[in-house]
Amino acid sequence: MLNSLPLPITVITVGNKNKKAAMTASWVNQLSWSPPYIGVAIYHSWYTLKLIREYREFAVHLVSSDLVEAAVRIFGSMSSKKVDKFKIARITVVPSKRVKAPIIIKAPIVYECKVIKILKIGDHYLVIGEPLVAYRNNDKLPVILYDNVHKIGDLIKVYQKNPNKM
Ligand SMILES: Cc1cc2nc3c(=O)[nH]c(=O)nc-3n(C[C@H](O)[C@H](O)[C@H](O)COP(=O)(O)O)c2cc1C
């Protein structure tokens, strides 16, 4: 039943030009309003977590439809330790505004965060970040993971057609 929670799809980036990592994360949530904290739950052995511990900062990118395939097949399946996911996905990155992490220019919304705390929660680590800056790169709609991938807004249509589905 945990799979029934509607979740965002994001790509987390960390590192700098020479040493970087990126992974898809759906276990991402707002944790506090003031200060504005974001939490990302990351499995203990992912390389992205290792670099987040090292750099103490990261960027969260919301994913739009045109990034879903790369988010699932590349950023969400391969290991940054072994491959350059940005190269494989042919994703253009630009320098960030406040942190060192590479920024995916195609992503509609970006939060550049500094790490506040990392807590062990069950078999994951909850990385708590404070956005230093948040901005839009374009007007594309982010997607939501619920049973399948949906554009925000489309889930309401799914529900109206079949209320038992939710
Ligand atoms: C849609 C989707 C959502 C995911 N969400 C998470 C998540 O929230 N936390 C996590 O630890 N792994 C998540 N993963 C798995 C990681 O993205 C995946 O294991 C990745 O290859 C780790 O990369 P790294 O070792 O380069 O850090 C998700 C994968 C997909 C496809």
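See the structure shown above.
Since the structure is predicted, the reported quantities are computational estimates derived from the model, not experimental observations.

Summarise the site of the ligand; cite the residues concerned and give the values.
Of all residues adjacent to the ligand, which total 20 residues, the nearest are Thr 24, Ala 41, Thr 48, Met 78 and Ser 80. Within the backbone of Ala 41, an N or O atom sits 2.8 Å from a nitrogen atom of the ligand. Between the ligand and Lys 85, the relevant distance is 3.0 Å, taken from an oxygen atom to a side-chain nitrogen or oxygen of the residue. Coverage of the ligand by the protein chains reaches 85% of its 650 Å² of free accessible surface. Broken down by secondary-structure element, the contributors of at least two residues to the shell around the ligand are strand E3 (20-25), strand E5 (37-43) and helix H1 (47-55).

Got a sec to walk through the sheet that holds strand E12 (residues 148-151)? Specific residues and values, please.
If you walk across this open sheet you meet the three strands as E1-E11-E12, and the pairing is antiparallel. Each edge of the open sheet carries a strand with a single partner, namely strand E1 (7-8) and E12.

Got a sec to walk through the nonpolar core? Specific residues and values, please.
Residues Ile 12, Val 14, Val 40, Ile 42, Ile 52, Phe 58 and Val 127 are the most contacted members of the largest nonpolar core, which totals 21 residues. Going through the elements one at a time, strand E2 (10-15), E3, E5, H1, strand E6 (57-62), strand E9 (109-121) and strand E10 (124-136) are the ones with two or more residues in this core. In terms of residues, this core owes the most to one element, H1, which gives five residues. Within the second largest apolar cluster, 16 residues are counted, among which are Val 11, Ala 70, Ile 91 and Ala 107.

Hey, could you go over helix H2 (residues 65-75) for me, with residue numbers and the actual values?
Along an α-helix, residues three or four positions apart point the same way, because every turn accommodates 3.6 residues. Taken residue by residue, H2 has Leu 67, Val 68, Ala 70, Ala 71, Ile 74 and Phe 75 as its buried positions. Tucked into the core, H2 has its buried residues touching E2, E3, helix H3 (85-88), strand E8 (103-104), strand E11 (143-146) and E12.

Go over the environment of Asp 154 with me, naming the residues and quoting the values.
Residue placement: Asp 154 occurs in helix H4 (residues 154-161). Separated by 114 residues in sequence, Asp 154 and Val 40 have C-alpha atoms that sit 25 Å apart.

Explain H1 to me, using residue names and the numbers behind them.
Taken together, the buried positions of H1 are occupied by Tyr 47, Thr 48, Leu 49, Leu 51, Ile 52 and Tyr 55. Buried residues along H1 sit in contact with E2, E3, E5, E6, E9 and E10. Positive backbone phi, approximately 60 degrees, marks Arg 56, located one or two places after H1.

Talk me through unusual backbone geometry; I want residue IDs and the actual numbers.
Ser 34 connects to Pro 35 through a cis peptide bond whose omega is 5 degrees. Relative to the elements of secondary structure, Pro 35 occurs in the loop between strand E4 (28-32) and E5. Residue Arg 56 is not a glycine yet carries a positive backbone phi of 60 degrees. As for its placement among the helices and strands, Arg 56 is situated in the loop between H1 and E6. Its relative accessible area of 41% is what places Arg 56 among the partly exposed residues. You will see that Arg 90, though not glycine, has its phi angle at about 50 degrees, which is positive. Given a relative accessible area of 78%, Arg 90 falls into the exposed group.

Summarise the side chain of Ser 26; cite the residues concerned and give the values.
For Ser 26, the position within the fold is in the loop between E3 and E4. Of the polar contacts made by the side chain of Ser 26, one reaches the backbone oxygen of Pro 8; its length is 2.9 Å. Dropping the residues within four chain positions of it, Ser 26 is found in contact with Leu 7, Pro 8, Ile 9 and Leu 145.

Describe in detail the packing of aromatic side chains, supporting the description with residues and values.
Per the counting criterion, the structure on display carries two aromatic pairs. Judged by centre distance (5.0 Å) and plane angle (55 degrees), the ring pair of Tyr 43 and Trp 46 falls under tilted. Given the relative accessible area of 43%, Trp 46 is considered partly exposed. For the ring pair Phe 75 and Phe 86, a centre distance of 5.6 Å and an interplane angle of 65 degrees mean the geometry is edge-to-face.

Rules and cut-offs
- Counting starts from 1 at the beginning of each chain's written sequence and moves along it residue by residue.
- Note on the predicted model: pLDDT of at least 70 is required for a residue's local features to be given, and 80 or more for side-chain atom pairs to be given and counted; whole-chain, interface and lining totals, by contrast, use all residues.
- In computing side-chain properties, one takes all heavy atoms of the structure into account and sets aside hydrogens as well as water.
- When at least one non-hydrogen atom of a residue lies within 4 Å of a molecule or strand, that residue is treated as near it.
- Here a polar contact means two N or O atoms within 3.5 Å. Within protein one must be a hydrogen donor candidate and the other an acceptor candidate, and residues neighboring in sequence count only if both atoms are side-chain atoms.
- Every accessible area reported is derived by Shrake-Rupley at a probe size of 1.4 Å, with residue values counting cover from the shown protein chains alone.
- To qualify as a helix, a DSSP run of H or I must reach at least 4 residues; to qualify as a strand, a run of E must reach at least 2; elements of each kind are numbered from the N terminus.
- Pairing between strands is defined by DSSP: at least two bridges between them are needed.
- To define a nonpolar core, start from buried Ala, Val, Leu, Ile, Met, Phe, Trp, Tyr and Cys residues and group those joined through side-chain atoms within 4.5 Å.
- Burial classification: accessible surface area is computed with a 1.4 Å probe over protein chains only, and a residue below 20% of its type maximum counts as buried, one above 50% as exposed, and the rest as partly exposed.
- Should any heavy atoms of two residues lie within 4.5 Å, those residues are counted as being in contact.
- Whether two aromatic rings pair depends on their centres lying within 6.5 Å, for rings of Phe, Tyr and Trp, where Trp uses its six-membered ring; planes under 30 degrees apart make the pair stacked, over 60 edge-to-face, and the rest tilted.

Limitation: the analysis is restricted to geometry and does not speak to function.
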